[in-house]
Amino acid sequence: MDTFTEFAKTFAVGGLLCAIGQILVDKTKLTPARILTCYVVAGVVLGALGVYQPLADWAGAGASVPLTGFGNLLAKGVREAVAEKGIIGAFTGGLSATAAGITAAVFFGLIVTLIFKSRDRS
Amino acid sequence: MGTKRMGKQTIRLESRPVILASASVGGKQESKGPLAASFDYLSEDTYFGAKTWESAESAMLKKCFDLSLQKAAIQADTLDYIFSGDLLNQCVGSAFGIKDSNVPHFGLYGACSTMAESLSLAAMTIDGGFANTVCALTSSHFCSAERQFRLPLNYGGLRPPTAQWTATAAGSLILSAEGEGPVVTHVTTGKIVDAGVTDANNMGAAMAPAALETLCTHFADTGRTPDYYDIIATGDLCEVGSAILRELSSLNGYDLSSNHNDCGLLIYDRGKKDIAAGGSGCGCGASVLAGYFLPKLRSGEIKRLLFAATGALMSPTTTLQGESILGICHAVAIENLGGAC
């Protein structure tokens, strides 16, 4: 039953964040790239305000996998690095905390381009 | 010179350059459309045997060029000029496609109006006595155009219902000072019209005022009315732009409701996902003219065609900078003066 509750919470929060994105795609003229950037920035702001982390603790991957989770991680990394190294942490903390995600994106991107060829959509 | 000009923007081609032969080539999407049977060659492989989308476009253009020479039963060295254009930066689709032809080449850019532009110039060059046999050639490829003008092919962004689908197609016409076939009688060269539309996903609306301007000027210059023509074919205004054109022209006293059609509307089944408002791209108008309308003119099924291809003049940079999409439309009157020819 506990597992089911975990899944339900993850699905509900992740789904809600995606649904907001879908509404922005359908109802506004924002390009997908702009929406993604807004999500990262929103995550940073909500993370800095201390709102996002409780949500991430509660919903797990439902809140950490969407791009707002990436923003939250940037804010969290900065906060920890500043506490540890002082003001220089504001410049190093964000990327250190998110390095795994960024490197994985570059690495898997490279692998995919080596394996696959661009395909027509028709 | 004075006698050839009629009114402000129209010229009369007294020597009546003949369209000896025409050929069209299409890709996979085109093979699923209602005009599939009109193409001389359709390729399920949209790479056309090449390794990149750009060289695929050149290979398609070359195939079309070769087919038109074959249909006209001439060799490339008979040609005095090639007028050719496409949608790629620096017109490389054309340049690489015909590099081995050994024929003097004029590279053109008129966006989706390029076929009417190359046909106009080819016919004028013959009428002026500067050439005997000329090729007018144009292509567009969905995959190369998509990353040239919009986004990387695999980006997967959503297409709004006003967006048009760039045709993977090419059209080639062989014109000659003598011979049998439909003739080019008049050319009305369009002016650039800025309708203030900034949405690159709504090119029909951006180009409709240019089509209106050129058609009205053509009728005023020649003294003709729309009913003189069996078909007035614009390309590619599609659904949105065609509706705007018909409404605006009736306000200007020209009723297009009975004989207007649009190449972008003809080429695909519009009910289909992704096609949205219809087809576009230089290859759309070019292949519909070469494969669908010209055989009808040749057989006498239609006698008088006004081919009015429209183009949206813009680059991704100007669009990002918030500039509006400029429209242009060139009209070419093609007629069958005899019986079946």
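In this text the structure is predicted, and so the values were computed from the model without any measurement. (Residues numbered from 1 in each chain as written. Chains lettered and ligands numbered in written order. Predicted model: local features only at pLDDT ≥ 70, side-chain atom pairs only at ≥ 80, totals over all residues.)

### Things to note about the domain arrangement of chain B
Residue and element names in this part refer to chain B.
- Domain parsing of chain B yields domain 1 (16-176) and domain 2 (184-335).
- Taking only C-alpha atoms into account, the centre of domain 1 sits 18 Å from that of domain 2.
- Counting from both sides, the interface comprises 50 residues of domain 1 and, opposite them, 51 residues of domain 2.
- Sorting the residues of the side of domain 1 that touches domain 2 by element identifies β3 (18-26), α1 (28-31), α4 (114-127), β7 (133-140), α5 (142-149), β8 (164-166) and β9 (169-176) as the ones contributing at least two each.
- Sort the elements by how many residues they give to the side of domain 1 that touches domain 2 and α4 lands first, with eight residues. (Domains from an automatic or database assignment. Contact = placed C-beta atoms within 7 Å. Helix = DSSP H or I, 4+ residues; strand = E, 2+ residues; numbered from the N terminus.)

### What to know about the nonpolar core
- Membership of the largest hydrophobic core comes to 113 residues, with the highest contact counts inside it found for B:L175, B:A211, B:F307 and B:A308.
- When residues of this core are assigned to domains, at least three map to each of domain 1 (16-176) and domain 2 (184-335) of chain B.
- Those residues in contact with B:A211 that lie beyond four places of it in its chain are B:T234, B:L237, B:L245, B:A308, B:T310 and B:C329.
- The next biggest cluster of nonpolar side chains, apart from the first, holds eight residues, and it includes A:L73, A:L74, A:A75 and A:V78. (Core = buried A, V, L, I, M, F, W, Y, C linked by C-beta atoms within 7 Å. Buried ≥ 20, exposed ≤ 12 C-beta atoms within 10 Å, placed from the backbone.)

### What to know about the environment of B:S55
All names here are of chain B.
- The residue S55 is located in helix α2 (residues 53-72) in this model.
- Note on S55: 18 C-beta atoms within 10 Å, which makes it partly exposed.
- Sequence separation between S55 and L237 is 182 residues, and the spatial gap between their C-alpha atoms is 28 Å.
- Setting aside its immediate chain neighbours within four residues, S55 contacts A50 and F96.

### Here we look at the packing of helix α2 (residues 32-48) of chain A against helix α5 (residues 67-85) of chain A
Residue and element names in this part refer to chain A.
- For the pair α2 and α5, interaxial distance at closest approach is 6 Å and the crossing angle is 45°. Taken together, the axes of α2 and α5 lie oblique to each other. Relative to α5, the crossing made by α2 is right-handed. Touching L36, Y39, V40, V41, A42, G43, V44, L46, G47 and A48 of α2 are L67, T68, G69, F70, G71, N72, L74, A75 and K76, all from α5.
- Residues of the contact of α2 with α5, tallied by class, amount to twelve nonpolar, six polar and one charged. (Axes fitted to C-alpha atoms, helices over the stretch in contact; angles between N-to-C directions. Parallel < 35°, antiparallel > 145°, perpendicular 65-115°, else oblique. Left-handed = near helix turned anticlockwise from the far one by under 90°. Nonpolar A, V, L, I, M, F, W, Y, C, P; charged D, E, K, R; others polar.)

### Let's talk about unusual backbone geometry
All names here are of chain B.
- Note the cis peptide between G235 and D236, where omega equals 5°.
- Inspection of the secondary structure assignment puts D236 in the loop between β12 (231-235) and α7 (238-251).
- Positive phi, close to 55°, is recorded for A73, a residue that is not glycine.
- Checked against the element boundaries, A73 lands in the loop between α2 and β5 (81-85).
- Of note, C238 is a non-glycine position whose phi angle comes to about 60°, a positive value.
- As for its position among the elements, C238 is in helix α7.

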